[in-house]
Amino acid sequence: MRKTPLFSVSGLRKSYGAQLGCRDVSFDLHPGEIMGIVGESGSGKSTLLSCLAGHLAPDHGDVCFDVDGTGLVSTLAMPEPERRLLARTQWAYVHQNPRDGLRMSVSAGGNIGERLMNIGARHYGNIRQDACSWMDRVELSVGRIDDRPATFSGGMQQRLQIARNLVTSPRLVFMDEPTGGLDVSVQARLLDLLRSLVQDLGLSVIIVTHDLAVVRMLAHRMMVMQRGEIVETGLADQVLDDPQHPYTQLLVSSVLQV
Amino acid sequence: MFKITQLSKTFHLHTQQRAEIPVVCDVGFAVHPGECVALTGESGSGKSTVLRLIYGNYLARTGSIRVGSTEIVAADPRTILELRRTTLGYVTQFLRVLPRVPTTRVVAEPMIEAGHNATAADAHARNLLRRLRIPETLWNLSPLTFSGGEQQRVNIARGFAYDYPALLLDEPTASLDAINRQTVLDMIGNAKQRGCAIIGIFHDHAARKAVCDREIDISQFAAA
Amino acid sequence: MTEQIITPSANDKNDTTTHNPETHNFDATDSYNFAYLDEQTKRMIRRALLKALAIPGYQVPFASREMPMPYGWGTGGVQVTAACLTPDDCVKVIDQGADDTTNAVSIRSFFARTAGVRTTEATDEASLIQTRHRIPETELTEGQLLVYQVPIPEPLRFLEPRETETRKMHALSEYGLMHVKLYEDISQHGHIATAYAYPVNVEGRYVMDPSPIPKFDNPKMSDCAAIQLFGAGREQRIYAIPPYSHVKSLDFEDYPFDRLRAPGACALCGADDSYLDEVIMDDQGTRMYVCSDTDYCSTRHERGHVGDQSDLFDSEEG
Ligand SMILES: Nc1ncnc2c1ncn2[C@@H]1O[C@H](COP(=O)(O)OP(=O)(O)OP(=O)(O)O)[C@@H](O)[C@H]1O
Ligand SMILES: Nc1ncnc2c1ncn2[C@@H]1O[C@H](COP(=O)(O)OP(=O)(O)OP(=O)(O)O)[C@@H](O)[C@H]1O
Ligand SMILES: [Mg+2]
Ligand SMILES: [Mg+2]
Ligand SMILES: [Zn+2]
């Protein structure tokens, strides 16, 4: 196991005018680690994730990534082309609403192929083959490859979004409520799929959710957010089974069985 | 292998009128490689709590818990995960698994995580399942729908799949029939022979007599 | 159909401001307000053109002026032409290859009146050719200018409507999306079905929309001796290809670019290398194929080349 972090956040703060988004967020993420971020609605989870993924510029703090295995570099200080390249290759972002993460007017195959084409793939047959194998991998019928995602169910769209994100073998995946808005049974299937993909590909993941079962199932570590601040952090099963902060205890006790 | 000193645990339940539940105080004992120690004490005395503290599942704030050369108290999550992966196994009474993972893989997983190749791990898992008399027809199914006893045996197989140098067992023989109980006791005996240090909770007196070298009454550490 | 563009004279009645071609007699020695646009505007457009030539394929914003014709009828091309004309230019205007459509005739006469320049239908005589949707078949030469009328300059718009995003994609050469469009084509039609406005990469840098020319014309853009200028009036963009630039039509390794030409020869001049238009001859739906480039066709015909229905051509001419 490598001893140096893949990703490191320090003193991150983001406000929307007078409204606090998040503050004083610091943590390290190592290769293969899955970090869950939980908290009630409006606690700043999405804000934090957007800052981490470079979609929002934080007011303060730094976000560093080990781009090529030689150590952490600041992604905020990086020139924009480099940061965008990083986002297209080594990072992936799974949105809660698949509409935000898919091109609805492009076929499923085109959606998966886009990231490949973005990094220079120019052989249709190979792109098509990769798209097929990813359709299969996320349990979508290959026969639907030329259909537009608008004709897919919510769960299928979410699986397509995951395929589209993982096709370029990123090292770090950001997920914002990937199972939100789905039926319970569909959620379970998606989670299971995510878990095995994450394991097989050795991905590092930062996953925002307010579903503690998701954290229990996927995360090694977790952070609990309340009003923009991290109130508790630790080993996922420890925080769930022996929560220390009053807010975490409330959160855990308000869910029956996790 | 285990060395516990001045370990205390109090639960602060902020949501229930700031209740404080002191469970154990000043726990201290050691377990050597090849030794199996039973924790005893009436229900609610804190036996399971002590195991969970050692496993890092409950947060210890005071005292010291050493497993091998690793200090658990105030360890960062990464250290604990690494310890669980390579050194410390934990068999609970209830199986907690993910849907859709076949039984063989559930059992093989700890070996794979510790770095064994999947084929070898699966083969070893099948041997364990056979030894614990899980019908072969079930091996490719998820254990979620299995009977309580079957689930527990899968759980034991999983706990013993990888040869951890240290093991925590919370009532591993509880709802097992005599034949299967004997198999589990044999497995514990084998683990001891290869030098594994074991801390266990066994309600069954005969089982305790069969495998344990010592008993530690947790009631003696009851918080004032 | 209001195919007829508003002619300068028609416009004069309600245009009493600086642009009044009627007050400017056709004396080419007086360069003030020559070619309709005021000097200020021409300077601004020329600056944009120079920048466009310096950054091949890059869309340069410019402040498009009201022209005496509606947007969509070549206001961008007309402004570029007006900014480029000098008194000794000879202008040719084609509309989908033809010199004699209402639009081509109107624009040609517009420049004849506002700049007093000579006009021609012969590609090799023209020093400036303004075109809508074609590149002449006759190879262009050094010193010639080809001015394209462009309706939509942004090739990425089809899949990414956000201008802020497309600008960034150009800046960072993030052109994967262009291939997504071609991918969609192949997956739906089995081949790249895009036939017009087929995207190109200029000098290995910017991806550019060549305006709705047939992809048959795409190869003519590359290594072309003439200067190629593109004007989009409504969208206020100018871009350019300097002479002898490398222009590559986007494609896949296993689906290489194909110019696509209807098989067969021109019914009038027998040309088998030109872009053909399908013409319906009668109420029975009889069809024939003729060169879309009317100058090319008639020149060949005059030189004695014949197609299998050349008699029609002769009777028309006679
Ligand atoms: N663009 C914005 N402008 C102003 N305030 C914002 C903006 N985005 C978020 N906020 C505010 O910042 C706080 C944190 O919002 P955020 O979206 O990060 O919460 P969240 O934890 O993701 O909530 P949810 O679980 O509902 O998705 C909220 O008070 C929110 O109203
Ligand atoms: N997560 C927790 N939060 C609050 N209190 C807890 C928690 N876990 C255990 N306790 C309390 O600690 C005490 C000891 O419980 P523990 O489960 O360790 O007992 P035990 O000795 O294992 O009992 P048994 O023999 O019945 O299994 C009990 O009073 C229990 O309610
Ligand atoms: Mg959110
Ligand atoms: Mg117990
Ligand atoms: Zn012809």
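Parameters at a glance
- All chains use their own residue numbering, which begins from 1 and follows the written sequence.
- For this description, chains carry letters from A and ligands carry numbers from 1, given in the order in which they are written.
- Under the rules for a predicted model, residues below a pLDDT of 70 receive no local features and side-chain atom pairs below 80 are neither given nor counted, while totals for whole chains, interfaces and linings still include all residues.
- Side-chain numbers come from the whole structure's heavy atoms, not from hydrogens or water.
- Paired strands are those between which DSSP finds at least two bridges.
- Helix and strand assignments follow DSSP, with helices taken as H or I runs no shorter than four residues and strands as E runs no shorter than two, numbered in order from the N terminus.
- Consider each residue's heavy atoms; a residue with any of them within 4 Å of a molecule or strand counts as near.
- Pairs of N or O atoms within 3.5 Å make up the polar contacts considered here, provided that, within protein, one atom can donate a hydrogen while the other can accept it, and that residues adjacent in sequence are counted only when both atoms are side-chain atoms.
- The method behind every accessible area is Shrake-Rupley, applied with a 1.4 Å probe, and residues are considered shielded solely by the protein chains displayed.
- Gly falls in the polar group here, along with every residue not listed as nonpolar (Ala, Val, Leu, Ile, Met, Phe, Trp, Tyr, Cys, Pro) or charged (Asp, Glu, Lys, Arg).
- Contact definition: two residues touch when any of their heavy atoms are within 4.5 Å.

A. Focus on the sheet that holds strand β2 (residues 90-95) of chain C. Residue and element names in this part refer to chain C. A sheet is described by the order of its strands in space; here 7 strands give the open sequence β1-β9-β8-β5-β4-β2-β3, paired in mixed fashion. Pairing within the sheet leaves two strands with one partner each, and these edge strands are β1 (60-61) and β3 (118-119). Taken together, the 2 bridges between β1 and strand β9 (residues 237-241) define a ladder with antiparallel strand orientation. Paired with V60 across the two strands is I238, which belongs to β9.

B. Focus on the site of ligand 1. Residue and element names in this part refer to chain A. Neighbouring ligand 1 are Y16, Q19, L20, E40, S41, G42, S43, G44, K45, S46, T47 and H210. With respect to ligand 1, the side chain of Q19 contributes an N or O atom lying 2.9 Å from an oxygen atom. Between S46 and ligand 1, the recorded distance is 2.6 Å, taken from a side-chain N or O atom to an oxygen atom. Here ligand 1 loses 61% of its free accessible area of 640 Å² to cover by the protein chains. Breaking the shell around ligand 1 down by element, the ones donating at least two residues are β2 (19-29) and α1 (45-52). In terms of residue count, the dominant contributor to the shell around ligand 1 is α1 (3 residues). Split by residue class, the shell around ligand 1 holds 2 nonpolar, 8 polar and 2 charged.

C. Spotlight on the side chain of E137 of chain C. Residue and element names in this part refer to chain C. Assignment of secondary structure puts E137 in the loop between β4 (128-132) and β5 (145-149). A polar contact of 2.8 Å, which involves the side chain of E137, links it to the side chain of R134. Polar contacts involving the side chain of E137 include one to the side chain of K220, which spans 3.0 Å. For E137, the contacting residues outside a window of four places in its chain are F216, K220, D273, S274, Y275, D293 and Y296.

D. Highlighting the site of ligand 2. For ligand 2, the full set of nearby residues is D241 of chain A together with F11, V23, S43, G44, S45, G46, K47, S48, T49, Y58 and H203 of chain B. Residue neighbours of ligand 2 fall on chains A and B, so the site bridges chains. Note that an oxygen atom of ligand 2 is positioned 2.6 Å from one of the side-chain N or O atoms of S43 of chain B. At 2.8 Å, a side-chain N or O of K47 of chain B approaches an oxygen atom of ligand 2. Computed on the free molecule, ligand 2 has an accessible area of 630 Å², of which 68% lies beneath the protein chains in the complex. Here the element with the most residues in the shell around ligand 2 is helix α1 (residues 47-55) of chain B; it accounts for 3 residues. Across the shell around ligand 2, the residue classes break down as 3 nonpolar, 7 polar and 2 charged.

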